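Here's the letter readout for the chains.
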Amino acid sequence: MGELEKLRQAREAMSELFLLAPYMWQEWAKDEASFTTRSEAVDAIKKIYERGVFNFVSVSLWCDYLNFVQEYDPMMHDRSPTAISKARNLFEHALGAAGLHVAQGIKLCIQDIRASYISYYI
């Protein structure tokens, strides 16, 4: 068993017992992405981000997730109506979640998420 597989198993075990901090989800997703971004890996990495944003209202985690999807999700590159709808739903969900974050919602990521949202459609 390779080191990456051992790390995956350890993270899975820890996530079953404890809530992982947002930075732990970010490190996990970035570690996975550093080894591969093939289309089958993209879905697994998106699931890591989804688990993280489900557990925490974290502006930086949402930003990383949105940036990852924009860069690596093949569906986002074709600009089809289905892709645009999927992106819109994800961005709107992020805006709702990040906007509720009292400390960072206003000062940090609302601008970042909106800028990403606007740049996707322009």
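In case you missed it, the structure is sitting above this.
The following refers to the structure shown. (Residues numbered from 1 in each chain as written. Predicted model: local features only at pLDDT ≥ 70, side-chain atom pairs only at ≥ 80, totals over all residues. Heavy atoms only, no water.)

**What about the overall build of the protein?**
Then, number 1: Looking only at helices and strands, the protein has 6 helices and 0 strands in total.
Then, number 2: Reading the protein from its N end, one meets helices and strands in the order α-α-α-α-α-α.
Then, number 3: In the protein, which comprises 122 residues, the proportion classed as buried is 39%.
Then, number 4: Residue pairs in contact within the protein that sit at least 24 positions apart in sequence constitute 54% of those at least 6 positions apart.
Then, number 5: Total accessible area on the protein is roughly 7,300 Å²; 59% of this is exposed by carbon and sulfur atoms. (Helix = DSSP H or I, 4+ residues; strand = E, 2+ residues; numbered from the N terminus. Buried < 20%, exposed > 50% of the residue type's maximum accessible area, 1.4 Å probe, protein only. Contact = heavy atoms within 4.5 Å. Areas by Shrake-Rupley, 256 points an atom, 1.4 Å probe, with all protein chains shown as cover.)

**Some words on the nonpolar core**
Then, number 1: Membership of the largest hydrophobic core comes to 22 residues, with the highest contact counts inside it found for Trp25, Ile45, Tyr49, Trp62, Tyr65, Phe68 and Leu90.
Then, number 2: The set of elements that each furnish at least two residues to this core consists of helix 2 (22-35), helix 3 (39-55), helix 4 (59-72) and helix 5 (81-99).
Then, number 3: A total of 6 residues in this core trace back to one element, the largest contributor, which is helix 4.
Then, number 4: When near neighbours in sequence (up to four residues on either side) are disregarded, Ile45 contacts Ala29, Glu32, Ala33, Thr36 and Phe68. (Core = buried A, V, L, I, M, F, W, Y, C linked by side-chain atoms within 4.5 Å.)

**Quick notes on the packing of helix 2 against helix 3**
Then, number 1: Here helix 2 crosses helix 3 at 175°, and the two axes come no closer than 9 Å. Overall, the two elements helix 2 and helix 3 adopt an arrangement that is roughly antiparallel. In this structure, helix 2 uses Trp25, Trp28, Ala29, Lys30, Glu32 and Ala33 to contact helix 3, whose residues at the interface are Ile45, Ile48, Tyr49, Arg51, Gly52 and Asn55. (Axes fitted to C-alpha atoms, helices over the stretch in contact; angles between N-to-C directions. Parallel < 35°, antiparallel > 145°, perpendicular 65-115°, else oblique.)

**Focus on helix 1 (residues 3-17)**
Then, number 1: An ideal rise of 1.5 Å per residue puts 21 Å on 15 residues; helix 1 measures up with 21 Å between its terminal C-alpha atoms.
Then, number 2: Within helix 1 the residues assigned to the buried category are Leu4, Arg11 and Ser15. Buried residues of helix 1, seen end-on, are gathered within an arc of 30° and therefore sit on one face of the element. Opposite the buried face of helix 1, by more than 90 degrees, sit the exposed residues Glu16 and Leu17.
Then, number 3: Where helix 1 is buried, its residues contact helix 2 and helix 3. (Expected span 1.5 Å × (residues − 1). Arc of directions from axis to C-beta.)

**Side note on a nonpolar patch on the surface**
Then, number 1: A surface patch of nonpolar side chains, about 340 Å² in accessible area, is lined by Met14, Leu17 and Phe18.
Then, number 2: Structurally, Leu17 can be placed in helix 1. (Patch = residues over 30% accessible without salt bridge, like charges linked within 9 Å, V, L, I, M, F, W, Y side chains within 5 Å. Salt bridge = Lys/Arg side-chain N within 4 Å of Asp/Glu carboxyl O.)

**Observations concerning the packing of aromatic side chains**
Working definition: an aromatic ring pair is given by the centre-to-centre distance plus the angle between the planes.
Then, number 1: Considering all chains together, one arrives at 5 aromatic pairs under this definition.
Then, number 2: Judged by centre distance (5.8 Å) and plane angle (40°), the ring pair of Tyr49 and Phe68 falls under tilted. On the criterion of sequence distance, the pair formed by Tyr49 in helix 3 and Phe68 in helix 4 is long-range, its members being 19 residues apart.
Then, number 3: Overall, Tyr49 belongs to the buried group, its relative accessible area being 3%.
Then, number 4: For Phe68, a relative accessible area of 5% puts it in the buried group.
Then, number 5: Centre to centre, the rings of Phe68 and Tyr72 are 5.1 Å apart; their planes meet at 40°, and the pair counts as tilted. Taken together, the residues span about one helical turn, with Phe68 and Tyr72 both in helix 4 at a distance of 4 residues.
Then, number 6: The exposure class of Tyr72 is partly exposed, given its relative accessible area of 28%. (Phe/Tyr/Trp six-rings, centres within 6.5 Å; stacked < 30°, edge-to-face > 60°.)

**Some points on the side chain of Ser58**
Then, number 1: Inspection of the secondary structure assignment puts Ser58 in the loop between helix 3 and helix 4.
Then, number 2: What makes Ser58 buried here is its relative accessible area of 8%.
Then, number 3: Polar side-chain contacts of Ser58 include one of 3.2 Å to the backbone nitrogen of Leu61. (Polar contact = N/O pair within 3.5 Å; in protein donor to acceptor, adjacent residues only side chain to side chain.)

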